[in-house]
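# Structural overview for review
So you can see what is in the structure, the chains are spelled out below.
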Amino acid sequence: MNKHLIAAALTAASLTLAGCADESTAQSAPAQQLQPIDVAQVLVKPVQSWHTYTTRLESPQEVALMPRVSGIIDSIEFKEGDVVKEGDVLFQLDARPFAAVVASLKAQINSAEAALEQAKSEDKRAVRLLDRKAISTEQAQARTSTLRQREAQLSALQAQLTSAELDLEFTSVVSPIDGIISRANITKGNNILAGQSVLTSIVSNQSMYAYFDVDERTWNSSFNDVTAASHQTVVMQKVGQSDFAYKGYINFIDNQINSSTGTLRVRAVFNEDNNQLRAGSFARIKLAANSISDAIIIPERAIGTDLKNRFVLTVGENNVLEYKLITIGERYGALRAVTSGLNESDVIAVNGPARVGPGMPISPQTVTIDTSGVAFTLSNDNAQLVAKQ
């Protein structure tokens, strides 16, 4: 009996000591460290929807340069790839055969002028003789006819001289426009044919055209009130660039819908003075709709992908992250519009789900979403637009 009582007392004492030890350990254990995470309240901004089109740039003026006269190329007066001005001499043909024709015609004209003076003198004498009945009417008329022939011959020779002088002038092949010249297709010493031999090509570099087709539904819903005179602003991106750095405007709208494709042909012009745009370049055009509406804006990096879904992590009660499905809209620089799934009071993890997940308690570090350098609406006065794909 005494042995059982002693054993029970020892067991109770051991449990009491173990409980005290556990309580002491729990009191001495440090509190759990929470992950510090950047969070921000979503933004609400007035935005315009964007429409993107692909195209290739075209020069307003392109010339396949051909000679006006046939001949031998005597010299090439330009450096390939250079900027040339209207009137600059580009090719010089051998002018000696043309100069010889001009000299011959001038000599013939001198002879014709002398013959004309003689015919005039004889015609005047015939008039005097006819008054004195010293010459027949037929003889007087013959002299008058000769005078008219001499006048016609002189006029014909003068016309031939004008043509020959033009041919001589055309031996200097000049640039008809300002622009950038290509390489010489035919080199010095070769014979060229008038109106057939393509010597080189020149494209204007003062501005560039971009033609693109807008479907009828989009045009009627977003741009129905746009005219060429309104100079609707567009922005452009070249291949290999992330920014839509070039700003232009619509300067032509076709007069009818293409019944085969259901699209309207539109042209934008980009006036650049730094030779950064080249004809034939692939380009992407962005055109902002005229209507403006409010949208929730968040950083692109805050968005996660879950199979086919897009989601963000919002800060809930007790700073616990919550999973929210969203529908995304247009992109504006490093920011993205959200069309559904969030409200303007939500606070999100701005760096997305890379380091955290739903249900995780965090230590929130409040930051502000940076909107500097980003335009949410596009107007003709907004010359500093920065938009990214």
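Residues numbered from 1 in each chain as written. Predicted model: local features only at pLDDT ≥ 70, side-chain atom pairs only at ≥ 80, totals over all residues. Heavy atoms only, no water.

If you look the protein up in an unreviewed UniProt entry, it shows as Efflux RND transporter periplasmic adaptor subunit from Pseudoalteromonas arctica. Its UniProt record gives the protein the following Sequence similarities (unreviewed entry) comment, quoted word for word: "Belongs to the membrane fusion protein (MFP) (TC 8.A.1) family." Taken verbatim from the UniProt record of the protein, the Subcellular location (unreviewed entry) comment is "Cell inner membrane". (UniProt positions renumbered as here; feature names shortened; annotations may be inferred.)

A few words on helix 2 (residues 96-131). Spacing of three or four residues puts side chains on the same side of an α-helix, whose turn is 3.6 residues. Taking 1.5 Å as the rise per residue, helix 2 with 36 residues should run 52 Å; its terminal C-alpha atoms sit 53 Å apart, in good agreement. Restricting attention to buried positions, one finds in helix 2 the residues Phe98, Val102, Leu105, Ile109, Ala112, Leu116, Ala119, Asp123, Ala126 and Leu129. Residues of helix 2 that are buried make contact with helix 3 (137-169). Positive phi appears at Lys133, one or two residues downstream of helix 2, with a value of about 65°. (Helix = DSSP H or I, 4+ residues; strand = E, 2+ residues; numbered from the N terminus. Expected span 1.5 Å × (residues − 1). Buried < 20%, exposed > 50% of the residue type's maximum accessible area, 1.4 Å probe, protein only. Contact = heavy atoms within 4.5 Å.)

This brings us to the packing of helix 2 against helix 3. Two elements in contact, helix 2 and helix 3, have axes separated by 8 Å at closest approach and are oriented at 160°. Relative to helix 3, the element helix 2 lies roughly antiparallel. At the point where helix 2 passes helix 3, the crossing takes the left-handed sense. (Axes fitted to C-alpha atoms, helices over the stretch in contact; angles between N-to-C directions. Parallel < 35°, antiparallel > 145°, perpendicular 65-115°, else oblique. Left-handed = near helix turned anticlockwise from the far one by under 90°.)

Across the sheet, which stays open at both edges, the 4 strands sit in the order 7-6-4-9 with antiparallel pairing between neighbours. Looking along the sheet, the strands with just one partner apiece sit at the ends: strand 7 (172-174) and strand 9 (191-192). (Pairing = 2+ DSSP bridges.)

Now for the side chain of Thr171. As for its placement among the helices and strands, Thr171 is situated in the loop between helix 3 and strand 7. When residues no more than four places from it in sequence are discounted, the contact partners of Thr171 are Val69, Phe91, Gln92, Leu93, Asp94, Ala95 and Phe98.

Once that is clear, we can look at the sheet that holds strand 3 (residues 62-65). Reading across the sheet, the 4 strands line up as 3-10-8-5 and stay open at both edges, with antiparallel pairing between neighbours. Only two strands of the sheet have a single partner each, and these edge strands are strand 3 and strand 5 (83-84).

What follows concerns the environment of Thr54. Among the secondary structure elements, Thr54 is positioned in strand 2 (residues 43-58). Separated by 182 residues in sequence, Thr54 and Met236 place their C-alpha atoms 9.5 Å apart. When sequence neighbours within four positions are dropped, the list of residues in contact with Thr54 reads Phe282, Ala283 and Arg284.

Glancing now at the environment of Lys85. Along the polypeptide, Lys85 turns up in the loop between strand 5 and strand 6 (89-93). Looking at Lys85, the relative accessible area reads 46%, which means it is partly exposed. Separated by 89 residues in the primary sequence, Lys85 and Val174 have C-alpha atoms spaced 9.2 Å apart. Filtering out sequence-adjacent residues up to four positions away, Lys85 remains in contact with Ser175, Ile177 and Asp178.

This brings us to the environment of Tyr332. If you trace the backbone, Tyr332 turns up in strand 18 (residues 321-332). You can call Tyr332 buried: its relative accessible area is 2%. Along the sequence, Tyr332 and Gly373 sit 41 residues apart, while their C-alpha atoms lie 10.0 Å from each other. Not counting chain neighbours up to four residues away, the residues in contact with Tyr332 comprise Val47, Gln48, Ser49, Trp50, Ile297, Ala337, Val374, Ala375 and Phe376. A polar contact is formed between the side chain of Tyr332 and the backbone oxygen of Gln48, at a distance of 2.5 Å. (Polar contact = N/O pair within 3.5 Å; in protein donor to acceptor, adjacent residues only side chain to side chain.)

Another point: the nonpolar core. One finds Ile297, Ile298, Val312, Ile326, Tyr332, Leu342 and Ile348 to be the most contacted residues of the largest nonpolar core, which totals 25 residues. Looking at this core, the elements that each hand over two or more residues are strand 2, strand 15 (282-299), strand 18 and strand 19 (335-340). Among the elements that make up this core, the one with the highest residue count is strand 15 (5 residues). Grouped together as the second largest cluster of nonpolar side chains are 22 residues, Leu57, Ala210, Tyr246 and Val266 included. (Core = buried A, V, L, I, M, F, W, Y, C linked by side-chain atoms within 4.5 Å.)

The next point concerns the pattern of salt bridges. As enumerated under the stated definition, the model contains 5 salt bridges in all. One salt bridge in this structure joins Glu151 and Arg148, with 3.8 Å as the shortest N-O distance. Of this pair, Glu151 and Arg148 both sit in helix 3, 3 residues apart, which is roughly one turn of that helix. Accessibility expressed as a relative area gives 29% for Glu151, which makes it partly exposed. On the basis of relative accessibility, which here comes to 48%, the residue Arg148 falls in the partly exposed class. (Salt bridge = Lys/Arg side-chain N within 4 Å of Asp/Glu carboxyl O.)

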